[in-house]
Amino acid sequence: MRDYERFLTHVKKIDTCTRIWKRLDFDRQCCAPKSGLACCGEDAAQIFGRIHELRCDPGFLEIMKRCLQHSKQLTSTELLSVRYQYELYEREKNNTVEFTRELSGITGAAFDGWVQAKEKDNYNLFAPHLKKVIEVFQRSIRNRDKEYAYIYDACLSDYERGSTVERMDVFFEELREKLCPVLAECRLLDSLPPVFRAEVPIEMQRKLSLQILEAEGLDLTKVSLMETKHPFTQLMNHDDVRITTRFQEHDFISNLYTILHEGGHAVHYMNLPEEFYENGMTAVSTFGMQECISRFYENVIGRSEAFCQWIAPLIQEYYLGKTDTITAEQLFSYVNAYRIQPIRMEADEISYCMHILIRYELEKSFMNGDISVSDIPVLWNEKYRQYLGIEVQNDKEGVLQDVHWTDSIGYFPSYALGSVAAAQLFYRMREDFDVYEAVRSGQLYKVKEWLIQNAFHTSMASDIFTWIRKVTEKELSVDYFVLYLKEKLRLL
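Note that the coordinates shown come from a computational prediction; the quantities given were computed from them, not determined experimentally. (Residues numbered from 1 in each chain as written. Predicted model: local features only at pLDDT ≥ 70, side-chain atom pairs only at ≥ 80, totals over all residues. Heavy atoms only, no water.)

## A word on the layout of surface pockets
Then comes step 1: Roughly 400 Å³ of internal volume is contained in the second largest pocket.
Then comes step 2: If you go around the second largest pocket, you meet 20 residues; those closest to its centre are E87, R91, K146, S157 and R161.
Then comes step 3: Every element with two or more residues in the lining of the second largest pocket is listed here: α4 (76–92) and α7 (151–159).
Then comes step 4: The element contributing the most residues to the lining of the second largest pocket is α4, with six residues. (1 Å grid on protein atoms, 1.4 Å probe; cavity = no way out; pocket = protein on both sides within 12 Å on 5 of 7 lines; lining within 4 Å. Points joined across faces, edges and corners; volume = space filled by probe spheres on them. Helix = DSSP H or I, 4+ residues; strand = E, 2+ residues; numbered from the N terminus.)

## A closer look at the packing of aromatic side chains
Centre-to-centre distance and the angle between the planes together describe a pair of aromatic rings.
Then comes step 1: Applying the stated criterion across every chain, the model contains 29 aromatic pairs.
Then comes step 2: Arranged with centres 5.2 Å apart and planes meeting at 40°, the rings of Y411 and Y415 form a pair that is tilted.
Then comes step 3: Relative accessible area serves as the criterion here: at 8%, Y415 is assigned to the buried category.
Then comes step 4: Grouped by ring-pair contacts, the aromatic residues Y159, F287, Y352, F366, W380, Y384, W405, Y411, F412 and Y415 constitute a single cluster.
Then comes step 5: In this structure, R344 is placed above the aromatic ring of Y415, and the distance from its NZ or CZ to the ring centre is 4.7 Å. (Phe/Tyr/Trp six-rings, centres within 6.5 Å; stacked < 30°, edge-to-face > 60°. Buried < 20%, exposed > 50% of the residue type's maximum accessible area, 1.4 Å probe, protein only. Lys NZ or Arg CZ within 6 Å of the ring centre and 35° of its normal.)

## What about unusual backbone geometry?
Then comes step 1: In this model, D121 sits at a positive phi of 55°, which is unusual for a non-glycine residue.
Then comes step 2: You can call D121 partly exposed: its relative accessible area is 32%.
Then comes step 3: Although it is not a glycine, E473 sits at a positive phi angle of roughly 65°.
Then comes step 4: Topologically, E473 is positioned in the loop between α20 (464–472) and α21 (478–489).
Then comes step 5: Given a relative accessible area of 68%, E473 falls into the exposed group.

## Brief notes about the pattern of salt bridges
Pairing between side chains of opposite charge can happen when their charged atoms approach one another.
Then comes step 1: Under the counting rule described, the total for this entry stands at 36 salt bridges.
Then comes step 2: Notably, a salt bridge pairs R6 with D3, separated by 3.2 Å at the nearest N-O pair. Taken together, the residues span about one helical turn, with R6 and D3 both in helix α1 (residues 3–30) at a distance of three residues.
Then comes step 3: Close ionic contact of E119 with K229 constitutes a salt bridge, the shortest N to O distance being 3.5 Å. With E119 in helix α5 (residues 97–120) and K229 in the loop between β1 (223–227) and β2 (233–237), the pair connects residues that are 110 residues apart, well separated along the chain.
Then comes step 4: For E119, a relative accessible area of 40% puts it in the partly exposed group.
Then comes step 5: Owing to a relative accessible area of 42%, K229 belongs among the partly exposed residues under this scheme. (Salt bridge = Lys/Arg side-chain N within 4 Å of Asp/Glu carboxyl O.)

## Looking at the packing of helix α9 (residues 202–215) against helix α10 (residues 252–270)
Then comes step 1: The N-to-C vectors of α9 and α10 enclose an angle of 30°; their axes lie 10 Å apart at closest approach. If you check the angle between α9 and α10, you find them roughly parallel. For the crossing formed where α9 meets α10, the hand is right-handed. Mapping the contact onto sequence places Q205, S209, I212 and L213 in α9 and F252, N255, L256, I259, L260 and G263 in α10.
Then comes step 2: A per-class count over the contact of α9 with α10 returns six nonpolar, four polar and no charged. (Axes fitted to C-alpha atoms, helices over the stretch in contact; angles between N-to-C directions. Parallel < 35°, antiparallel > 145°, perpendicular 65-115°, else oblique. Left-handed = near helix turned anticlockwise from the far one by under 90°. Contact = heavy atoms within 4.5 Å. Nonpolar A, V, L, I, M, F, W, Y, C, P; charged D, E, K, R; others polar.)

## Thoughts on the packing of helix α12 (residues 287–301) against helix α19 (residues 445–454)
Then comes step 1: The geometry of α12 relative to α19 is characterised by a closest axis approach of 12 Å and an angle of 145° between their N-to-C directions. Where α12 crosses over α19, the two elements pack in a sense that is right-handed. Each of I293, F296, Y297 and I301 in α12 lies in contact with α19, whose residues at this interface are V447, K448 and L451.
Then comes step 2: When grouped by side-chain class, the residues that make up the contact of α12 with α19 number six nonpolar, no polar and one charged.

## Considering empty space enclosed by the protein
Then comes step 1: Tallying each qualifying case throughout the model produces three cavities of 30 Å³ or more.
Then comes step 2: Considered as a void within the structure, the largest cavity measures approximately 70 Å³ in volume.
Then comes step 3: In this structure, the largest cavity is lined by W114, F126, R359, W380, V399, L400, D402, V403, H404, W405, T406 and F412.
Then comes step 4: Per-class residue counts for the lining of the largest cavity are eight nonpolar, two polar and two charged.
Then comes step 5: Roughly 50 Å³ of internal volume is contained in the second largest cavity.
Then comes step 6: Together, V335, N336, D348, E349, I350, L485, K488, L489 and L492 line the second largest cavity.
Then comes step 7: The element that contributes the greatest number of residues to the lining of the second largest cavity is α21, accounting for three residues.
Then comes step 8: Residues of the lining of the second largest cavity, tallied by class, amount to five nonpolar, one polar and three charged.

Okay, here's the thing in structure tokens:
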């Protein structure tokens, strides 16, 4: 048996345990009763420990070393797979199994604490959990052989290869500098048109959601749709992708754009290069790449005039009937209006990145030890007042709104990188076909087909900066995002 075949056999064991862990996590977030959350967390901690044992197995290390020593015998994809697994090994090799289980237990308890704190609108119930999460992540990073200029550099690079505080500081400063003048040109939404407050039964929202997912080109026999408190999409395997949303009877627009976003994740997960599935590389693309695709569907497609022209008649048919009337013009104007909104997931497309900037600055500060957990709510509210002119009314709509700090510190910048990359991707895509004409006729699958041919290739095993350069033949640039926003503003 070739060393690479031995390598792949071992990787499949890791992948099996990872899928078990994902199913436990999915149950915890979607369907487990409150009384079962603690047990889910305990089970997940045991599986997490087993994944660590497999990943850091001495025999597996020797196989990886031999594969790398004889790399000329490997295909380019096989070599990428070995390097990816070795990268994960390097992160974890100095952690013990007991520490790994402790980390999983802390993040699991943090999720349960966040749910309780958000329900009771009380940050103080979550603060002790967040303190433990920060401390255990700091310990994990200090256990690594690699030295970082800042602790937060490791958090960033775990989600975005090649990202550092220095690089992201420059990125966010340019983003803020160029977005502020655009924000000043925006039309403020002064009142909510009555049609957008219409009560729409959840079952009707579900039916249209599935039609949208199908229009995106997804095979609904391989997709499930469930509800959760904070929507996400989970890849189990090539034939099993779990999409979640949050239905609200008096806010059908919220679910509409959640479905577009999460459907974008599913399009990405289900259409990677075939060799990625064959070589244990389904998680190799960075989160910025993933958010690029999901933000592309949510915003570049979903907030376009063309999409509004396609979806408005369907909203009328599914949701409103003869009781209310909605036009494509109303919808386009509403979903692109600037609004004073404290909730990131409900924010307009332009101010959204300012929400991300606030989170970036806060998690950079608390991971690097510059502020304490008790400082976070006050600084959160101050930054919302300073950057967006918003007075945050409570913890639920403020510091407790996102689930990420229970286990994903360093993820937030991926949303901003993805937003910028999505605009650049659009300008490259429209060189090849009339994107909005396809969308206007409901042929969203043509976007998926272009992505498969031009974007979902092996460069996804690199980083978002390399990937977008290979796809668009240009460096990642905020300028495309600003141009895209200005072109849209002229239509409003």
